[in-house]
Structure formats: C-alpha cells, structure tokens
Amino acid sequence: MANAIQPQKLFVASCMALLVTSLSFGIRAGILSRLGVEFHLDTKQLSIIAGTAFWGFPLAVVIGGFIVDAIGMKRLLLAAFILHLLGIVLTVFAGGFWSLFISTLFIGMANGTVEAACNPLVATIFPDNKTTKLNHFHLWFPGGIVVGTLLVFLLSKIGLSWQLQVATMVIPTLIYGYLFMKLDFPVTERVAAGVSSAQMYKSVLSPLFIVMFILMFGTAITELFTGQWIEVLLKNVTENSILILALTAGVQVLGRGIAGPVVHKISPTGVLLISAILSALGLYLLSHVSGNMVFVAAFIFGMGVTYFWPTMLGFVSENIPQSGALGMNLMGGAGMFAVSVYMYFMGGFYDSIIVKQLPTGASLDAYRSAAPGSAEAAAFSQATAVAGPEIINATLVIPVILIVAFAGLFFYMRSRKKVAQVQIV
C-alpha cells in the first residue's frame, strides 16, 4: 500500500477540494446583497445565513478531528464530496431563509470536512516541510475567492442569475470527488508515529496549545469576517466593492506561493507578528479612506492576512506534533466558530447603525428594497456608507490585540529556542 501512495496527486486533489471551499466563500460574498433583496432578508438574517457556513465548518472539522485517525482521510473526503453536492443543489433551488440556512449549513459542513482531512493529509505527505506546504495548500483558498468574486462580477454584468453562479461550483466538486475515489491514502502522521490517544489529548491541553487556540479566534475573525462581508460593508464606499475582495485574495495567493523563503527567513512567530501589524493598518485605512485609496488599503490588508491561517496550523503541527490531526482540526474549528459568533453579533450591530441614520420609525426592509433613484434608496445608501466603515473600525481592535499577543509569543519562542540550544551544548 505504501508504494501506491502518490503524494503529488493527493496534494493536487486536496487543492481542488479546497478550491470548492473557497469558491463557496467568494460566490456567497458576491451574492449576499442580492439574496437580501430577493428574499426580503435583513442584515441580521443574512449574517445568520452566512454565519451558518462558519459554524457548520467547526462542527464538521472538530468531529472529523476526533474520527479521522479511526476511519481514515479518504472516507472523510468522500463525505465532503456528498455534502458539497447537496449544499450546492439546495442553494440553487432555495426559496427563502430556511432553505438558504440548510443549504449553507451543508456547504459549511463540507468545507469543514475538507479541512479535517486535507490539513493532516498535507502534513503527513510532507513531514519535513509542513508550514510551507500548508501555505501552498491554503493559497487555493484565496485563489478560489479570486475566481469566485470575479465570476460573480462578470456573470452579474452579463445578467446571469445568482443560481447559475452557484451552480458553477458543481464542476470542480465532481473533479475532486473523482480524483479522491481513485487514489490510495496513507494513515495519519500520528498513527504512523505510534503516538497514543492519551498523548494526543494531553498535548491539546498544554498551555502553548491553549494560547494558540485562543489566538486563532482573532486571526480567523480578522481575515474571514472582513472578507465575507466586504461587499456589504463597502458597497456604498466604492462602486466595485466585490473587486476589493478579489484584490485582497489575489495578494494572499501570491504571498502563500512564496511562503517557503518568507517563513524560513523570518520564523513563523515573526510572520504572525508582522501579519497582525499589517492587518491592523489595513483595517484602519479601509475604515478611513475612500476612492482609489480603498484599493491601497485592501492591498495592505491582504498582505496582513495572507499567512494567518496556514501559519497558525503549521506552528501547531511543528511545535506540538503529538496533537496530530486533532490539534490542527481544533484550531480550524476554533477559528470558524469564532467567525460565526462574531458575524451574528455584527449583523445586528450593522442594522442598528443603519436604523439610527434613517428617519424615526422607518421600516428597514422598505428602505433596503426601495426603487433605485428614490429618496428612500438614497437615504439607505447614505446610511450604509456610514455603517460599513464603522463595523470595520470596531473589528480593528482585534488585530491590535493580536500585535501584543504575537510579540509576546515571538520572544517566548526565541527564548525557548535559546534554552534548547544551551541544553544541547
């Protein structure tokens, strides 16, 4: 069996599966406002629907983390394939809030299942280059966002429905399902190393793991909440708000593509500290500038969030290796769960800001659905132009906290390395 394992083909199939995950993110971000108008959903309801993908993800990734060693990575990925197909089809035929909620839940669970299997798979087939290869793998997440947002932008320009835009995800889904069915899989790295379950559970209760688990909340919210809501938050600040998401995602693709020399030259903790600084600067600019400067801000923000997710996973895999697949999946689950909770509260906060900008007693849905060119539409546009930057400004607090935390982690890991070197000598 070992001779039948083909690491490169497994890696390509994993990237295709992650592409579907990111397409769902990019396309959903691009059509969110249209769903609100078509189904008369307020921002809080839209945030619940979008957030469903984010708590469906941790549900699947955590369950997957506990069972992947027992049932194998191949079975998990075939389950992801089925869930993706179901979620896409149900979204296309959705008729309102609950059908969108259920279909988005399926897609979120599929996305989490892909991560639950593919993160440990990449770490297993590239044991000597984990952080770099995880960055290469995760460049397909922003890569899919670029493709998804540009698809929405172009297909919307030519008048194709949002249902057809969602249906485009079927093609890469069928491809990755076919590839995984043909390939043989190794056992996970923890199983191959003979690390016991007791050792694994002990490692995920270690102080260092708990700190990284908590910090994952902040890195995920900074990257994914802002990305998922960028079209809503900035649509009345710039005419091409969806292209801002494409720009930030494009920066991430390039950055993760050159992750090897960056991570090895600076160190993972140094990369995380610089990422937090650039993310804070980018968010500050996004909430304070307008016109073409918004794209400059988006570029800086994109550089900031480029290495967050894969470097957090790589750090845990390299520095707490006994945590195995469970450790990596608990990290991913923590990040997505934090985003889902944050998104729920920010959706309500966004609506409350808009209501304050409208006349007393105004119906939010009436103003949101008002005919273009009407006084109500103009008032709603002005209100959202205020609300979006205010939400971004509130989120700025998170990367500021991360700067302090990662600075502490940087010096802690450097001192630990010096102690280890002295002991060796």
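Residues numbered from 1 in each chain as written. Predicted model: local features only at pLDDT ≥ 70, side-chain atom pairs only at ≥ 80, totals over all residues. Heavy atoms only, no water.

Chemist: Looking at this structure, I do not really get the overall build of the protein chain. What am I missing?
Modeler: Counting secondary structure elements, the protein chain contains 20 helices and zero strands. When its C-alpha atoms are laid out on the principal axes, the protein chain stretches across 75 × 45 × 35 Å. Counting over 425 residues, the protein chain shows a buried share of 57%. Put simply, 85% of the contacts in the protein chain that link residues at least 6 apart link residues at least 24 apart. When the accessible surface of the protein chain is summed, it comes to about 17000 Å², and 70% of that surface belongs to carbon and sulfur atoms. Taking the average location of the 21 positive side-chain charges in the protein chain and that of its 15 negative ones, the two points are 11 Å from each other. (Helix = DSSP H or I, 4+ residues; strand = E, 2+ residues; numbered from the N terminus. Buried < 20%, exposed > 50% of the residue type's maximum accessible area, 1.4 Å probe, protein only. Contact = heavy atoms within 4.5 Å. Areas by Shrake-Rupley, 256 points an atom, 1.4 Å probe, with all protein chains shown as cover. Lys, Arg positive; Asp, Glu negative; His and termini not counted. Charge placed at Lys NZ, Arg CZ, Asp CG, Glu CD.)

Chemist: What's the story with the pattern of salt bridges in this structure? I'm lost.
Modeler: According to the stated counting rule, one finds one salt bridge in the structure shown. The partner of R256 in a salt bridge is E223, and the shortest N-O contact between them spans 3.5 Å. Taken as a pair, R256 in helix 12 (residues 241-257) and E223 in helix 11 (residues 207-234) lie far apart in primary sequence, 33 residues in all. Residue R256 is classed as buried on the basis of its relative accessible area, which comes to 1%. (Salt bridge = Lys/Arg side-chain N within 4 Å of Asp/Glu carboxyl O.)

Chemist: I'm lost on a nonpolar patch on the surface in this one. Help?
Modeler: A cluster of nonpolar side chains, W55, L59, I63, F66, I67, I71, Y201, F337, V341, Y344 and F345, forms an exposed patch at the surface whose accessible area comes to about 980 Å². Going through the elements one at a time, helix 2 (43-71) and helix 17 (324-357) are the ones with two or more residues in the nonpolar patch. By residue number, the principal contributor to the nonpolar patch is helix 2, which donates six residues. For Y344, the position within the fold is in helix 17. (Patch = residues over 30% accessible without salt bridge, like charges linked within 9 Å, V, L, I, M, F, W, Y side chains within 5 Å.)

Chemist: Help me understand the environment of Q8 in this model?
Modeler: Looking at the element boundaries, Q8 is found in helix 1 (residues 7-38). The spatial distance from the C-alpha of Q8 to the C-alpha of E223 is 29 Å, given a sequence separation of 215 residues.

Chemist: Got a minute to help me understand the packing of aromatic side chains in this structure?
Modeler: Think of a pair of aromatic rings as described by two things: how far the centres are apart, and how the planes are tilted against each other in angle. Scanning all chains against the criterion turns up 16 aromatic pairs. Cluster of aromatic residues (ring-pair linked, three or more members): F81, Y176, F180 and F185. For K133, the ring lying beneath its charged end belongs to F11, and the centroid distance is 4.5 Å. A cation over a ring is seen here: K133 above F126, with NZ or CZ 4.7 Å from the ring centre. (Phe/Tyr/Trp six-rings, centres within 6.5 Å; stacked < 30°, edge-to-face > 60°. Lys NZ or Arg CZ within 6 Å of the ring centre and 35° of its normal.)

Chemist: Would you mind showing me how to read unusual backbone geometry here?
Modeler: Among all residues save glycine, negative phi is the norm, and among peptide bonds the norm is trans. Its identity is not glycine, yet H40 carries a phi of approximately 55°, on the positive side. With respect to the helices and strands, H40 occurs in the loop between helix 1 and helix 2. A residue is classified by how much of its surface remains accessible, and H40, at 48% relative accessible area, is partly exposed. Unusually for a residue other than glycine, S267 sits at a positive phi of about 90°. Structurally, S267 is set in the loop between helix 13 (259-266) and helix 14 (268-286).

Chemist: Which parts of the structure should I look at to understand the layout of surface pockets?
Modeler: The rolling of a water-molecule-sized probe over the atoms marks out the regions of remaining empty space. Within this model, the second largest pocket holds a volume of roughly 370 Å³. For the second largest pocket, the full set of lining residues is S267, P268, T269, F315, E318, N319, F410, M413, R414, R416 and K417. Elements represented by at least two residues in the lining of the second largest pocket include exactly helix 14, helix 16 (308-319) and helix 20 (397-424). When residues of the lining of the second largest pocket are assigned to their parent elements, the largest contribution, five residues, is made by helix 20. (1 Å grid on protein atoms, 1.4 Å probe; cavity = no way out; pocket = protein on both sides within 12 Å on 5 of 7 lines; lining within 4 Å. Points joined across faces, edges and corners; volume = space filled by probe spheres on them.)

Chemist: Sorry, what's going on with the nonpolar core here?
Modeler: Here is a general trend for soluble globular proteins: nonpolar side chains tend to be buried in one another's company. Counting residues in each nonpolar core, the largest one holds 124 residues, and the members touching the most others are M212, F225, L286 and F406. Take this core: its biggest share by element is 15 residues, from helix 1. Aside from chain neighbours lying at most four places away, what touches F406 is L215, T219, L272, L273, A276, F308 and M312. (Core = buried A, V, L, I, M, F, W, Y, C linked by side-chain atoms within 4.5 Å.)

Chemist: Honestly, empty space enclosed by the protein in this entry has me stumped. Any pointers?
Modeler: By the definition in use, this model includes six cavities of 30 Å³ or more. What lines the largest cavity is a set of 13 residues, among which R28, I31, T91, T104 and I107 lie closest to the centre. If you tally residues by element for the lining of the largest cavity, the top one is helix 1, at five residues. A breakdown of the residues in the lining of the largest cavity according to their chemical character gives eight nonpolar, four polar and one charged. (Nonpolar A, V, L, I, M, F, W, Y, C, P; charged D, E, K, R; others polar.)

Chemist: Just to check I follow, could you spell out the packing of helix 14 against helix 16 for this structure?
Modeler: Axis angle and axis distance: for two packed helices, these are the angle between their axes and the distance between the axes, and together they describe the pair. Following both chains from N to C, one finds helix 14 and helix 16 inclined at 155°, their axes separated by 10 Å at the closest point. Here helix 14 lies roughly antiparallel to helix 16, going by the angle between them. For the crossing formed where helix 14 meets helix 16, the hand is left-handed. Contact with helix 14, carried on its side by P268, T269, V271, L272, S275, A276 and S279, involves F308, T311, M312 and F315 of helix 16 and no other residues of that element. (Axes fitted to C-alpha atoms, helices over the stretch in contact; angles between N-to-C directions. Parallel < 35°, antiparallel > 145°, perpendicular 65-115°, else oblique. Left-handed = near helix turned anticlockwise from the far one by under 90°.)

Chemist: How should the packing of helix 3 (residues 73-92) against helix 4 (residues 97-125) be read in this particular structure?
Modeler: Between helix 3 and helix 4, whose axes approach to 8 Å, the crossing angle comes to 155°. Between helix 3 and helix 4, the interaxial angle falls into the category roughly antiparallel. Crossing handedness for the pair helix 3 and helix 4: left-handed.

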